[in-house]
Amino acid sequence: MVAVAGWWGWRTLEWMWLKPKRMEKHLRSQGIKGNPYRIFFGDFKDSAAMTKQNQTNPIAISDDIIPRLLPFIQKTINTYGKKTFMWFGYMPRVHIMEPKLVKEVMSKNFVYLKPKSNPFGRMLVGGLGIYEHDQWAKHRKIVNPAFRMEKIKLMLPAFHVSCVEMINSWEKALKESKEVDVWPYLQNLSADVISRTAFGSSYKEGRKIFQLLTLQTGLVTQALSTLYIPGSRFLPTKRNMRMKKIVKELEHLLTNMINKRVEGLKNGETNNEDLLSILLESNFKQGEIKGMTIKEVIEECKLFYFAGQETTAVLLLWTMVLLAQHQEWQHRAREEVLRVFGNDGDPNFDGINRLKIVTMILNEVLRLYPPIIEMTRIIEEDMKLGESLHLQAGTSLSLPILLLHHDKEIWGEDAKEFKPERFAEGISNATKGHVSYFPFGWGPRVCIGQNFALLEAKMAVAMILQRFSFELSPSYAHAPYRIVTIKPQFGAPFILHRL
Ligand code: HEM
């Protein structure tokens, strides 16, 4: 008994103190700096408190957004320089601020892995988003065909219907007041687009799935806001029971929908128009053994919502905010849209591909307000990164997209300014070929929905510009804050003028 207690005591000491201290020494010996390790929580509590504090009041629209979004990393870098780490609990997290190193980390996705999320997180994000190694490679191969441009092109009519509905609802809202909070409408638009493109004719069930997932996101976010106690998800609390019920309902809805499609496929029906059909057809081609199970297909469908909805909604939101702030660019973009499509022509694929100014604007919005501001990775074996950095197994890495996108050493003194002209000759020209711009990630795990999101965004921006001119309402309070993506904390009231 004493021996067992002693062994546990030793293990705990090793885990909570000795190992972190060894890792700290190892990092410091290579000139990587950070705060001294504090038992168990590390910098976690300070970082959370600082973020909370910095998000109490709105800021001026011209203010730097980093202190609101990544204050602790910024403070660490300001204090110790660019080669730094912070303590994410008992784990050191090294900040990767050099484009060359970002490239290396993102290229070697079989060694730089995604940190394991806690079981509550896995209720929301599964599938491709969390798999590693062979399982990831297999799923990526099966899902890829659904996101090829020739398939996404076929989804354009679905994008269009959703945009028309949003525009109509703005027109209706304008009868009541000139001021419209566009944020809920944009969220609804991107949810609607996924429901239609993922599930086509089963659009109504798709909407129901989305509503359940939104509910689940709220419950999971609550559960994640406290420290996870192993096993706590099995306790029969009200929240746990509700979450389990939602999981069951989701599975039921998706299984029914998938089974119907699988039957159709077996009977030789082909319906190539929505993501689910393309995914099932691609899966079917692999045969029963190499393909995904129904449960796995369900996870991928849920991921489309989770990964594709908020990200695209916030891209549209910050585009509207920046175009309201920079009216000259709003005029230029509208001029281009009217030149290509006229006042009321429907945006088509070829025309959308000719929108040079709109593309430059979206690239610049994704630079200044990347929907995902940070990616993290972890290594399970000792690794050499770049020429000379030696990392020990268990070290985690932060790739702070937002900091690299705002770095004056990379982008010049005007790095924080909205200047779409940077992208006049395309992305590789603006970045001189470096991986200093990666709103969609980079390398083999680059966002699978990138083309989908950009096409949707271009269609929506074009249709908004055709119908309305807009400015920020005096009641708008600038307050980007982070819950997975960068959202407007107090909504986004705009003054819309019908053209
Ligand atoms: C503006 C919109 C979007 C942005 C900024 C964005 C950003 C990202 C980023 C940064 C990653 C890489 C995460 C990492 O490696 O840790 C990613 C992965 C992913 N995204 Fe997106 N995304 C967007 C839209 C979409 C859409 C519309 C979909 C699907 C409908 C989607 C599906 C995915 C999936 C499935 C992955 C995981 C890929 C893998 O690990 O192989 N995303 N996204």
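1. Topic: the overall build of the chain
For the chain, the count of helices and strands is 22 helices and eleven strands. Over its C-alpha atoms the chain spans a radius of gyration of 24 Å, differing by no more than 12% from the 23 Å that the globule rule assigns to 499 residues. Along the longest, intermediate and shortest principal axes, the C-alpha atoms of the chain span 80 × 60 × 45 Å. In the chain, buried positions account for 52% of the 499 residues. A separation of at least 24 residues holds for 74% of the contacts in the chain among residues at least 6 apart in sequence.

2. What to know about empty space enclosed by the protein
Following the criterion strictly, the structure yields one cavity of 30 Å³ or more and no others. In this structure, the largest cavity spans a volume of roughly 50 Å³. Taken together, Leu316, Thr319, Met320, Leu323, Val461, Ile464, Leu465 and Phe470 make up the lining of the largest cavity. Where the lining of the largest cavity is concerned, the elements lending two or more residues are α15 (294-325) and α22 (450-467). Grouping the constituent residues of the lining of the largest cavity by class yields seven nonpolar, one polar and no charged.

3. Details of helix α13 (residues 275-285)
Side chains three or four residues apart in an α-helix point the same way, a direct result of the helix having 3.6 residues per turn. For α13, a buried count of nine out of eleven residues is recorded, marking the element as mostly surrounded by other parts of the structure. Along α13, the positions that sit buried rather than exposed are Leu275, Leu276, Ser277, Ile278, Leu279, Leu280, Glu281, Ser282 and Asn283. Count one or two residues on from α13 and you reach Gly287, which has phi positive near 80 degrees.

4. Here we look at a nonpolar patch on the surface
A contiguous nonpolar patch, built from Trp10, Leu13, Trp17 and Ile39 and spanning about 410 Å² of accessible area, is present on the exposed surface. In this structure, Leu13 sits in helix α1 (residues 2-28).

5. Concerning the pattern of salt bridges
By the definition in use, this model includes 27 salt bridges. With its nearest N and O atoms 3.2 Å apart, the salt bridge here joins Asp64 to Lys416. Placement of Asp64 in the loop between α2 (44-54) and α3 (66-69) and of Lys416 in the loop between α20 (408-411) and α21 (427-431) is noted, with a sequence separation of 352 residues between them. With a relative accessible area of 30%, Asp64 lands in the partly exposed category. On the accessibility criterion, Lys416 (33% relative accessible area) is partly exposed. Among the salt bridges present, the one from Arg196 reaches Glu165, with a minimum N-O distance of 3.2 Å. Note that Arg196 is positioned in helix α10 (residues 182-199) and Glu165 in helix α9 (residues 156-176), a separation of 31 residues in sequence. Taking the relative accessible area as the measure of exposure, Arg196 reaches 16% and is therefore buried. Sharing partners across several salt bridges, the network here consists of Glu364, Arg367, Asp414, Glu417, Lys419 and Arg422.

6. Observations regarding the pairing of strand β7 (residues 396-399)
What you see with β7 is no split at all: Ser396 and Ser398 on one side and Leu397 and Leu399 on the other are buried throughout. The pairing of strand β2 (residues 91-95) with β7 spans three bridges and is classified as parallel. Bridging across to β7, Arg93 finds its partner in Ser396. Inspection of the sheet shows strand β4 (residues 375-378) paired to β7 by four bridges, in the antiparallel sense. For Ile378, the partnering residue across the bridge sits in β7 and is Ser396.

7. A few points about the coordination of the iron atom of the ligand
Here the protein supplies the iron atom of the ligand with just one donor, Cys447 (SG), and that contact is 2.3 Å long. Residue placement: Cys447 occurs in the loop between α21 and α22.

8. Some details on the environment of Val337
Here Val337 shows up in helix α16 (residues 327-341). For the pair formed by Val337 and Val94, sequence separation is 243 residues and the distance between their alpha carbons is 44 Å. Once residues within four sequence positions are removed from consideration, Val337 is found in contact with Gly342, Leu355, Val358, Ala462, Leu465 and Gln466.

9. Re the sheet that holds strand β1 (residues 85-88)
The sheet built from four strands is open, its strands ordered β1-β2-β7-β4 with mixed pairing. Where the open sheet ends on each side, the last strands, each with one partner, are β1 and β4. For this sheet, the mean inter-axis angle between neighbouring strands, taken without regard to orientation, is 30 degrees. This element, α1, spans β1 and β2 of the sheet and lies at about 170 degrees to β1.

10. Observations regarding the environment of Pro119
Looking at the element boundaries, Pro119 is found in helix α6 (residues 119-124). The buried category is assigned to Pro119, whose relative accessible area is 15%. Sequence spacing of Pro119 and Gly231 is 112 residues, and the spatial spacing of their C-alpha atoms is 9.3 Å.

11. What to know about the packing of aromatic side chains
The geometry of an aromatic ring pair is captured by the separation of the ring centres together with the interplanar angle, meaning the angle of the planes. Counted according to the given criterion, the structure contains 22 aromatic pairs. Ring centres 5.5 Å apart and planes at 90 degrees place the aromatic pair Phe44 and Phe88 in the edge-to-face group. A residue pair is termed long-range when its members are at least 10 positions apart, and Phe44 in helix α2 and Phe88 in strand β1 qualify at 44 residues. Assessed through its relative accessible area of 36%, Phe44 is described here as partly exposed. Judged by its relative accessible area of 34%, Phe88 is partly exposed.

Cut-offs and rules
- Residues numbered from 1 in each chain as written.
- Predicted model: local features only at pLDDT ≥ 70, side-chain atom pairs only at ≥ 80, totals over all residues.
- Heavy atoms only, no water.
- Helix = DSSP H or I, 4+ residues; strand = E, 2+ residues; numbered from the N terminus.
- Rg over C-alpha atoms; globule rule 2.2 N^0.38 Å.
- Buried < 20%, exposed > 50% of the residue type's maximum accessible area, 1.4 Å probe, protein only.
- Contact = heavy atoms within 4.5 Å.
- 1 Å grid on protein atoms, 1.4 Å probe; cavity = no way out; pocket = protein on both sides within 12 Å on 5 of 7 lines; lining within 4 Å.
- Points joined across faces, edges and corners; volume = space filled by probe spheres on them.
- Nonpolar A, V, L, I, M, F, W, Y, C, P; charged D, E, K, R; others polar.
- Patch = residues over 30% accessible without salt bridge, like charges linked within 9 Å, V, L, I, M, F, W, Y side chains within 5 Å.
- Areas by Shrake-Rupley, 256 points an atom, 1.4 Å probe, with all protein chains shown as cover.
- Salt bridge = Lys/Arg side-chain N within 4 Å of Asp/Glu carboxyl O.
- Pairing = 2+ DSSP bridges.
- Donors = N, O, S within 2.8 Å, 3.2 Å for Na, K, Ca; no water.
- Axes fitted to C-alpha atoms, helices over the stretch in contact; angles between N-to-C directions.
- Phe/Tyr/Trp six-rings, centres within 6.5 Å; stacked < 30°, edge-to-face > 60°.

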